[in-house]
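Analysis of the macromolecular model
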Amino acid sequence: MKSLILATAVALFFLGSVCIGYAQSTPILQAFKVGGKYGLKEKSSQRIILPTEYDDIYLGDSVIIRVKKGKKYGCFSADGSPVLPIEYDMIHVRKDIITALKEGLWEVRRHDGSYFVEEKFEGFGVESDKIVWMDKNRKRTYGIRFPQGKIEWHPEYDGIFNVWCPDNSLFKVRLKNGDLILTDTNFNRITQQVYRGLDDDFCRSGKLLVQVDSLWGIIETNGQEVLPPSFSKIEKTGAWDTIIVVKGGKYGMIDVHGNNVFPFEFDVIWEDRYETD
């Protein structure tokens, strides 16, 4: 049996925390506890922002303050102004929106408390800055969120996902039959090919691993073919630019540009990773 073991050294570097001060209009806030209840104050001036009457306070990035009283949640701005009343069963504060659950329905609000969309949902989730999903009548639908307060729903798709390229300009779209297509963010097809699998781990190199039927190949992010689907198995390595592949029952290794690194003559290739200080 001919085999190859790859030893990959992974160096670990631990960087100390560095605090950098910037002139900010928003003061640093600090939760404090008195008599079993939480309040909120400015760290420098010790000015009280919220009195000690909450069972918990969640600061997050201190732009929106989430509080809990009993079994209910509410929100305040960093200056103590109310954003959402303490009457919700669950609240998630996100980058530019708040999702809040009340009486079994999710609301989507802006950070000032106004509605991002008037509609309420049985379920609502955020996949990325652009992609959201909703549950309604026990059915999940994916959509695209626009900053001005619009969601464009696409019930014809069974899933919409960002392809994690540097410019986030591509979507991986799952059709109702489970197949995948590659589109731009306006749902224009990058390639007419339909895929069974689409892996974006090498997108930083401008490459995607794609599966057609049972075989894997490589394409550019613009859809141009690098290597036709011809590999029955792929295994990613710690190097992030090489791939262990199987072709004709034999293992070999290629880089993301399709060049051979090791010939297809091994019964097995595995990677033995170790760490160094």
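Placed above this text is the structure.
The present account deals with the structure reproduced in this document. Remember, predicted model here, so these are calculated numbers, not experimental data.

1. Describing the overall build of the protein chain
The helix and strand inventory of the protein chain stands at 0 helices and 28 strands. In the protein chain, once contacts between residues fewer than 6 apart in sequence are set aside, the share between residues at least 24 apart is 26%. Only carbon and sulfur atoms are counted for the fraction: they give 50% of the accessible area of the protein chain, which is about 15,600 Å².

2. Here's the deal with the nonpolar core
Listed in full, the 12 residues of the largest apolar core are Val 163, Cys 165, Leu 170, Leu 180, Leu 182, Tyr 195, Leu 198, Cys 203, Leu 208, Val 210, Val 212 and Ile 219. Those elements that provide at least two residues to this core are β19 (180-184) and β21 (207-212). The element best represented in this core is β21, accounting for 3 residues. Not counting residues up to four positions away in its chain, the partners in contact with Cys 203 are Val 163, Trp 164, Cys 165, Pro 166, Leu 208 and Thr 221.

3. A few points about the pairing of strand β23 (residues 225-231)
By the bridge criterion, 3 bridges tie strand β22 (residues 215-220) to β23 in an arrangement that is antiparallel. In the strand pairing of β23, Trp 216 is matched with Phe 231. Where β22 hands over to β23, the hairpin turn is made up of 4 residues, of which Gly 223 adopts a positive phi near 95 degrees.

4. What about the side chain of Glu 42?
For Glu 42, the position within the fold is in strand β3 (residues 37-42). Taking the relative accessible area as the measure of exposure, Glu 42 reaches 11% and is therefore buried. Only 2.8 Å separates the side chain of Glu 42 from the side chain of Arg 47, close enough to count as a polar contact. Glu 42 has contacts with Pro 27, Ile 28, Leu 29, Arg 47 and Ile 49, leaving out every residue within four places of it along the chain.

5. Re the packing of aromatic side chains
In this structure the tally under the stated criterion is 8 aromatic pairs. Arranged with centres 5.8 Å apart and planes meeting at 65 degrees, the rings of Phe 121 and Trp 153 form a pair that is edge-to-face. A residue pair is termed long-range when its members are at least 10 positions apart, and Phe 121 in strand β12 (residues 115-121) and Trp 153 in strand β16 (residues 150-154) qualify at 32 residues. Ring centres of Tyr 157 and Phe 187 lie 5.4 Å apart, and the angle between their planes is 25 degrees; this geometry places the pair in the stacked category.

6. With respect to the sheet that holds β12
Read from one edge of the open sheet, 4 strands run β9-β10-β11-β12, paired in antiparallel fashion. Single-partner strands in this sheet number two, and they are β9 (90-93) and β12. Mean inter-strand twist for the sheet, computed between neighbouring axes without regard to direction, equals 15 degrees. Bridge count between strand β11 (residues 105-110) and β12: 3 bridges; the pairing is antiparallel.

7. So, the pattern of salt bridges
Scanning all chains against the criterion turns up 18 salt bridges. Between Arg 47 and Glu 42 there is a salt bridge, with the nearest N and O atoms lying 2.8 Å from each other. The exposure class of Arg 47 is partly exposed, given its relative accessible area of 44%. Close ionic contact of Lys 236 with Asp 199 constitutes a salt bridge, the shortest N to O distance being 2.7 Å. Placement of Lys 236 in strand β24 (residues 233-236) and of Asp 199 in strand β20 (residues 197-199) is noted, with a sequence separation of 37 residues between them.

8. Examining the pairing of strand β14 (residues 131-136)
Across the 6 residues of β14, 5 count as buried, placing the element largely inside the fold. For strand β13 (residues 123-126) and β14, the ladder comprises 4 bridges, and the chain directions are antiparallel. Among the inter-strand pairings, Phe 124 is bridged to a residue of β14, identified as Met 134. Pairing geometry for β14 and strand β15 (residues 139-146), over 6 bridges, is antiparallel. Following the sheet pairing, Trp 133 is matched in β15 by Tyr 142. Hairpin remark: β14 followed by β15, antiparallel, with 2 residues in the connecting loop; positive phi at Asn 137, about 55 degrees.

9. Describing the side chain of Lys 207
Of note, Lys 207 is situated in strand β21. Here Lys 207 falls in the buried class, since its relative accessible area comes to 7%. The contacts of Lys 207, once residues within four sequence positions are left out, are Phe 202, Ile 218, Ile 219, Glu 220, Thr 221, Val 226, Val 256 and His 257.

Reading the values: the criteria
- By convention here, each chain's residues receive numbers from 1 onward along its written sequence.
- At least 70 in pLDDT is required for a residue's local features to be given in this predicted model, at least 80 for side-chain atom pairs to be given and counted, and no such filter applies to totals for whole chains, interfaces and linings, which use all residues.
- No hydrogens and no water enter the side-chain calculation; it runs on all heavy atoms of the structure.
- Helix and strand labels come from DSSP, where a helix needs a run of H or I of at least four residues and a strand needs a run of E of at least two; each type is numbered from the N terminus.
- Any two residues whose heavy atoms approach within 4.5 Å at even a single point are treated as in contact.
- Residue exposure ignores everything except the shown protein chains as possible cover, and the areas themselves are Shrake-Rupley values with a 1.4 Å probe.
- In this text, buried Ala, Val, Leu, Ile, Met, Phe, Trp, Tyr and Cys residues form a nonpolar core when linked through side-chain atoms within 4.5 Å.
- Buried, partly exposed and exposed residues are distinguished by accessible area as a fraction of the type maximum, computed with a 1.4 Å probe on protein chains only: under 20%, between the cut-offs, and over 50%, respectively.
- Strands were regarded as paired on the criterion that DSSP finds at least two bridges between them.
- Think of a polar contact as two N or O atoms within 3.5 Å of one another; within protein, one of them needs to be a possible hydrogen donor and the other a possible acceptor, and neighboring residues in sequence only count if both atoms come from side chains.
- For this analysis, a ring pair means two rings from Phe, Tyr or Trp (six-membered ring only for Trp) whose centres lie within 6.5 Å, classed as stacked if their planes differ by under 30 degrees, edge-to-face if by over 60, and tilted for the remaining angles.
- Each axis is a line fitted through C-alpha atoms, and for a helix only the stretch in contact is used; angles between axes span 0 to 180 degrees, taken between their N-to-C directions.
- Salt bridge, as used here, is a side-chain nitrogen of Lys or Arg placed within 4 Å of a carboxyl oxygen of Asp or Glu.

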